[in-house]
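Architecture at a glance
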Amino acid sequence: MTATRNVKGLLGTKLGMTQVWDENNNLIPVTVVQADSNVVTQLRNADRDGYTAVQIGYGQIDPRKVTKPLAGHFEAAGVTPRRHLVELRTADAAEYAAGQELSVELFEAGQKVDVVGTSKGKGFAGVMKRHNFAGVSASHGAHKNHRKPGSIGGASTPGRVFRGQKMAGRMGAERVTTQNLTIHAIDAEKNLLLIKGAVPGARGRVVLVRTAVKGA
Amino acid sequence: MHILDSLDAASLRSDVPAFGPGDTLKVHVNIIEGKNSRVQVFQGYVLGRQGRGVGETFTVRKVSFGTGIERTFPLHSPIIDKIEVVSKGDVRRAKLYYMRDRHGKAARIREKRDFGGKK
């Protein structure tokens, strides 16, 4: 499958949230993402790879920690090793060059973006938190089952619990995409993206900011 | 949030006078109606200040025609033309929520007198 859309993307670190005022004096909640040191590490083309894409590297890493195969990969692009790599399928991959540095000016204020991150881990969570179950009554004779799921199925028919039944378990720490966020402003000097609203993940985690799939 | 302090610095106002709960303020608010803008004064006493940094807000309460009105402003909001401290109040709480239950004579706040003593 060849990409038909032009996708721009950058990796960055979520610094946290704050607020700014826009020109109409409205208060805008923004998430600040620092997207410095992004670099193109490889290009995929239709002839060799069967699809077109750009591979982007981001983040510092101690060169001694880089495996030999990866070190060779970075050397081929003529860049210092990066900690994170991501591939973006885009139709205009040919317009990039390996080793090219990407700055936050790739985006412009007002543009719609999707942000991909890893959500905060919630540990082993019950059904009320994990699946928004209603729980059991606080009173009316409820005894020690206020946050329990209740029934999880029938009896001898079907004689088993259906697969996919929502139960308690590990929650969070998974890949989450928030779509159609607006870029409020760009600070090219400090390589900051100010994105309106919240993005997935904790402060200090790496997020991918890319052109919105559904917006336009 | 220290990491974003440099970013927030651009939004901070430097002309905010020192005031605290119990102080009587005149808050001059810019109001834009269509293309005209005018300044409206909201005068009352400070019920409390909430938050810190660029997100700090303060609540001003006044009694207007027998109805208590409270208005919360972001401290660094650009719609505030200026803040005037009319008088300092002598109070023992950071949040004067007890004032909501009082009216008449009981709803007075003693003025803090500065006798120029120890600072």
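Just above sits the structure.
Summarised in this report is the structure supplied together with it. The written sequence of each chain sets the order in which its residues are numbered from 1. Whichever chain is written first is A, and whichever ligand is written first is 1; the rest continue in order. Local features are withheld for residues below a pLDDT of 70 in this predicted model, meaning they are given only at 70 or higher, and side-chain atom pairs are given and counted only at 80 or more; totals for whole chains, interfaces and linings count all residues. Side-chain measures were taken over the full set of non-hydrogen atoms in the model, leaving aside hydrogen atoms and water.

What follows is about the overall build of chain A. Starting at the N terminus, helices and strands are each numbered in turn, a helix being any DSSP run of H or I of at least four residues and a strand any DSSP run of E of at least two. Summing up its helical and strand segments, chain A has 3 helices and 12 strands in all. What the globule rule says is 2.2 Å times the number of residues to the power 0.38, and the radius of gyration is computed from C-alpha atoms. Against the compact-globule benchmark of 17 Å for 216 residues, chain A has a radius of gyration of 22 Å, which places it well outside the compact range. Its C-alpha atoms give chain A principal-axis dimensions of roughly 70 × 50 × 40 Å. Scored against the burial criterion, the 216 residues of chain A give a buried share of 37%. By sequence separation, contacts in chain A at least 24 residues apart represent 71% of the contacts at least 6 residues apart. Roughly 12700 Å² of accessible area belongs to chain A as shown, and the carbon and sulfur atoms make up 49% of that amount. As used throughout, the charge tally considers Lys and Arg to be positive and Asp and Glu to be negative, leaving His and the chain termini uncounted. To locate a charge, the coordinates of NZ of Lys, CZ of Arg, CG of Asp or CD of Glu are taken. Mean positive and mean negative side-chain charge positions of chain A (30 and 17 charges, respectively) differ by 18 Å. Exposed residues in this analysis have more than 50% of their type's maximum accessible area, buried residues have under 20%, and partly exposed residues fall in between, with area computed by a 1.4 Å probe over protein chains only. In this analysis, two residues are considered to be in contact whenever any of their non-hydrogen atoms come within 4.5 Å of each other. Accessible areas in this description were obtained via Shrake-Rupley with a 1.4 Å probe; residue shielding takes into account the shown protein chains only.

Here we come to the overall build of chain B. On a plain count of helices and strands, chain B comes out with 1 helix and 5 strands. Along chain B, helices and strands appear, N-terminal first, in the series α-β-β-β-β-β. Projected onto its principal axes, the C-alpha coordinates of chain B cover approximately 45 × 45 × 25 Å. The 119 residues of chain B split such that 30% are buried. Restricting to contacts in chain B with at least 6 residues of sequence separation, those with at least 24 account for 50%. By element, 50% of the accessible surface of chain B is carried by carbon and sulfur atoms, the whole surface being about 7900 Å². When the 23 positive and 13 negative side-chain charges of chain B are each reduced to one mean point, those points stand 7 Å apart.

Attention now goes to the pairing of strand 10 (residues 175-187) of chain A. All names here are of chain A. When DSSP finds two or more bridges between two strands, those strands count as paired. Inspection of the sheet shows strand 7 (residues 112-118) paired to strand 10 by 6 bridges, in the antiparallel sense. Counted as the bridge partner of Val115 is Thr178 from strand 10. Between strand 10 and the antiparallel strand that follows it, strand 11 (residues 192-196), lie 4 residues; Asn191 among them carries a positive phi value of about 60 degrees.

Soluble globular proteins tend to pack their nonpolar side chains together in the buried interior. Counting residues in each nonpolar core, the largest one holds 28 residues, and the members touching the most others are Val115, Leu193, Ile195 and Val209 of chain A. Leave out the neighbours within four places in its chain, and Val115 of chain A touches Val176, Thr177, Thr178, Leu181, Ile195, Val199, Pro200, Val207, Leu208 and Val209 of chain A. In terms of nonpolar packing, the next biggest core, distinct from the first, is built from 12 residues, Val29, Phe58, Phe73 and Leu75 of chain B among them. What we call a nonpolar core is a set of buried Ala, Val, Leu, Ile, Met, Phe, Trp, Tyr and Cys residues that are connected through their side-chain atoms within 4.5 Å.

Any Lys or Arg side-chain nitrogen located within 4 Å of an Asp or Glu carboxyl oxygen qualifies as a salt bridge. Applying the stated rule across the entire model yields 12 salt bridges over all chains. Here Asp114 of chain A ties to Arg210 of chain A by a salt bridge, and the two come within 3.1 Å at their closest N and O atoms. Of this pair, Asp114 of chain A sits in strand 7 while Arg210 of chain A sits in strand 12 (residues 206-211), and the two are 96 residues apart along the sequence. An identical accessibility class is assigned to Asp114 of chain A and Arg210 of chain A; each is buried. Ionic pairing is found between Arg13 of chain B and Asp15 of chain B, a salt bridge with its closest N-O pair at 3.0 Å. Within the structure, one salt-bridge network assembled from shared partners comprises Arg44, Arg48, Asp49 and Glu87 of chain A.

All names here are of chain B. Strand order in the open sheet made by the 5 strands is 4-3-2-1-5, with antiparallel pairing throughout. Across the chains shown, the open sheet's two edge strands, defined by having one partner strand only, are strand 4 (67-74) and strand 5 (80-87). Each neighbouring strand pair of the sheet contributes to a mean axis angle of 40 degrees, computed without reference to strand direction. Summarising the sheet, strand 3 (residues 57-64) and strand 4 pair through 8 bridges and their orientation is antiparallel. Residue pairing across strands places Val60 opposite Arg71, the latter belonging to strand 4. Only C-alpha atoms enter the line fits that serve as axes; for helices the fit covers just the stretch in contact. Angles between N-to-C directions range over 0 to 180 degrees.

Residues and elements named next belong to chain B. Stacked, tilted and edge-to-face are the three classes applied to pairs of Phe, Tyr and Trp rings, where Trp contributes its six-membered ring and a pair requires centres within 6.5 Å; stacked means planes under 30 degrees apart, edge-to-face means over 60, and tilted covers the rest. This model, assessed by the stated rule, comprises 3 aromatic pairs over all chains. Aromatic pair Phe42 and Phe73: ring centres 6.1 Å apart, planes at 70 degrees, arrangement edge-to-face. You can see Phe42 sitting in strand 2 (residues 36-50) and its partner Phe73 sitting in strand 4, a full 31 residues away along the chain. Of the two residues, Phe42 and Phe73, neither departs from the other in class, the shared state being buried. Aromatic ring contacts, followed pair by pair, group Phe19, Phe42, Phe58 and Phe73 into a single cluster.

Here we take up the interface of chain A and chain B. Contact with chain A, which involves 12 residues of that partner, is made by 14 residues of chain B. If you look at where chain A meets chain B, you find 0 salt bridges. Within 3.5 Å is the distance limit for a polar contact, defined as a pair of N or O atoms, with the added protein rule that one can donate a hydrogen and the other accept it, and that residues adjacent in sequence qualify only through two side-chain atoms. At the boundary of chain A with chain B, the tally comes to 2 residue pairs in polar contact (both at pLDDT 80 or more). Taken together, the elements giving at least two residues each to the side of chain A that touches chain B come down to strand 1 (9-21) and strand 11 of chain A. Looking at which element gives the most residues to the side of chain A that touches chain B, the answer is strand 1 of chain A, with 7 residues. Asp, Glu, Lys and Arg are counted as charged, while Ala, Val, Leu, Ile, Met, Phe, Trp, Tyr, Cys and Pro are counted as nonpolar; the rest, among them Gly, fall into the polar class. Tallied by class, residues from the side of chain A that touches chain B come to 7 nonpolar, 4 polar and 1 charged.

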